[in-house]
Amino acid sequence: MSKQTLKTTDSKPKKAMLVGVFTNTSTLDQENQMNELEGLVLTLGVNIVDRIIQYKKRVDVKYFIGKGKLKSIYEAALESRCTYIIFNNDISPSQIKNIQNFFKKDLIVMDRTGVILDIFNKHAQTKEAKTQVKLAQLEYFLPRLTRQWTHLERQMGGVGTRGGPGETQIEIDRRLIRNQIIKLKKDLNKIAKSRLNQNKNRKNIFKVSLVGYTNAGKSSIMNSIASSDNYVKDELFATLDTSTKKITIDKNNSFLLSDTVGFIRNLPDNLVASFRSTLGEIEHSDLLLKVVDVTSDELEIHIDTINSVLNHLKIDNKDFLIVFNKVDKLKDMIIIEKLKNAYENSIFVSAKSKLNIDTLIDDIETKIKEENIQINISVSYDQGKIINDIYNNCNIIRKDEKNESINFLVNGNKKIINKILSQIKK
Ligand code: GDP
Ligand code: MG
């Protein structure tokens, strides 16, 4: 859309310099944060020439980083033919504008949120996700427009590009963006309504969602459970959309399994809000599988991130299992004992070597059974549809055919049985 995105269409990869401004965090944390940013940027097909780290008690009001430092970054970046300067931090709109004006058209400045939005944009697949990303991007860009980004209208379809008398290019751009935002919001409303209908049809089946830090192996676990051909790739955020599959264990036990967007540390609040409806799948789940890469040095942070995003979405009261994945990569098995003690509801698997996946499915089955009840149902013969529903959805333990009705002793999902009971005519 505008110049301020990491374009990867050119044949020659663009180059970026990373900048991290830290107040007083540990060196290890800095490393990890910069590694993560590097991973994100590489995912977009942009190469990294250098990392610059600066300590600052207080950030500069005008330029975020000191002006002297900014100048040396500018010169070094031009020297190494960079296109982007990418900050690990989130920078205020006015600071971004000041930095961009300082760089003129020689370099493009981006912050962490901008990068995450680009990644979301690259991976969005459903109409809903695409619309959400576009909206989030425009809301992000609106307060950050500078004179450097002219002719936005071309990317925006050229609607109403001719401004009134005296309207500057920036004003035209702002007006176009505002109109687009209104339209996208309307579109999203429509999509949300049709999603609601879709969810109605899924009401009666046990729902499981894979949540977790990006790259933990959610899609791989989905694949090994479903043996499906979901999108598996060594990229951060390889799945943005939820994709859902029905898994049948046996006649009486099946569930829906949804793969969801990857979480990431410090996902800005407004982004979490933007993706609320995509994450809505989680809201309707009966069980969450919190997938964690067991080989990560930062697995505790990852678990905290998962919990804080869930908390933010007000869905932290769900039943869950912690699924520690990639045990095939572990050199020291002692960590498994430690984690077992620290996290009660945990299971250790490898999606890649299909290790313990059967146990995971057994655990899901146990959870499904916890949702089951055993009950007597009596139905008169003229209610054929209900008798059919009982045969199709319940496990029949005993059947007693009387003159006018059948008595069943059944075992099955609470929700399904309640629905059947509510339809029986006395
Ligand atoms: P997602 O972002 O959480 O959906 O993660 P993916 O399923 O896309 O996996 C991210 C990367 O980790 C891919 O390169 C996978 O091949 C790799 N991966 C996933 N599960 C395992 C595993 O059990 N063992 C190993 N060694 N690698 C895995
Ligand atoms: Mg994935």
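So, how was this worked out
- Residues numbered from 1 in each chain as written.
- Chains lettered and ligands numbered in written order.
- Predicted model: local features only at pLDDT ≥ 70, side-chain atom pairs only at ≥ 80, totals over all residues.
- Heavy atoms only, no water.
- Near = heavy atom within 4 Å.
- Polar contact = N/O pair within 3.5 Å; in protein donor to acceptor, adjacent residues only side chain to side chain.
- Areas by Shrake-Rupley, 256 points an atom, 1.4 Å probe, with all protein chains shown as cover.
- Helix = DSSP H or I, 4+ residues; strand = E, 2+ residues; numbered from the N terminus.
- Nonpolar A, V, L, I, M, F, W, Y, C, P; charged D, E, K, R; others polar.
- Phe/Tyr/Trp six-rings, centres within 6.5 Å; stacked < 30°, edge-to-face > 60°.
- Pairing = 2+ DSSP bridges.
- Axes fitted to C-alpha atoms, helices over the stretch in contact; angles between N-to-C directions.
- Contact = heavy atoms within 4.5 Å.

## A look at the site of ligand 1
Okay, so step 1: Neighbouring ligand 1 are 17 residues, the closest being Asn215, Gly217, Lys218, Ser220 and Asp328.
Okay, so step 2: The contact in question runs from an oxygen atom of ligand 1 to an N or O atom on the backbone of asparagine 215, over 2.8 Å.
Okay, so step 3: Side-chain polar atom of lysine 326 to an oxygen atom of ligand 1: 3.0 Å apart, as the coordinates give it.
Okay, so step 4: When isolated, ligand 1 has an accessible area of 580 Å², and the protein chains bury 89% of it.
Okay, so step 5: Ranked by residues supplied to the shell around ligand 1, first place goes to helix α8 (residues 218-226) with three residues.
Okay, so step 6: A per-class count over the shell around ligand 1 returns three nonpolar, seven polar and seven charged.

## Here's the deal with the packing of aromatic side chains
Okay, so step 1: All told, the structure shown has nine aromatic pairs when counted by the stated rule.
Okay, so step 2: For the ring pair tyrosine 140 and phenylalanine 141, a centre distance of 5.7 Å and an interplane angle of 70 degrees mean the geometry is edge-to-face.
Okay, so step 3: On the basis of an interplanar angle of 90 degrees and a centroid distance of 5.7 Å, the ring pair of tyrosine 391 and phenylalanine 408 is categorised as edge-to-face. Taken together, the residues span a long stretch of sequence, with tyrosine 391 in helix α14 (residues 384-393) and phenylalanine 408 in strand β13 (residues 405-413) at a distance of 17 residues.

## Focus on the sheet that holds strand β6 (residues 243-250)
Okay, so step 1: Read from one edge to the other, the open sheet built from six strands follows the order β6-β7-β5-β8-β9-β10, with strand pairing classed as mixed. The strands lining the two open edges of the sheet, one partner per strand, are β6 and β10 (346-348). Mean inter-strand twist for the sheet, computed between neighbouring axes without regard to direction, equals 25 degrees.
Okay, so step 2: Across three bridges, strand β9 (residues 319-325) lies against β10 in parallel orientation. When the bridges of β10 are listed, isoleucine 322 appears paired with serine 346.
Okay, so step 3: Relative to strand β8 (residues 287-293), helix α11 (residues 299-312) is tilted by about 150 degrees, and along the sheet it contacts β5 (206-212), β8 and β9.

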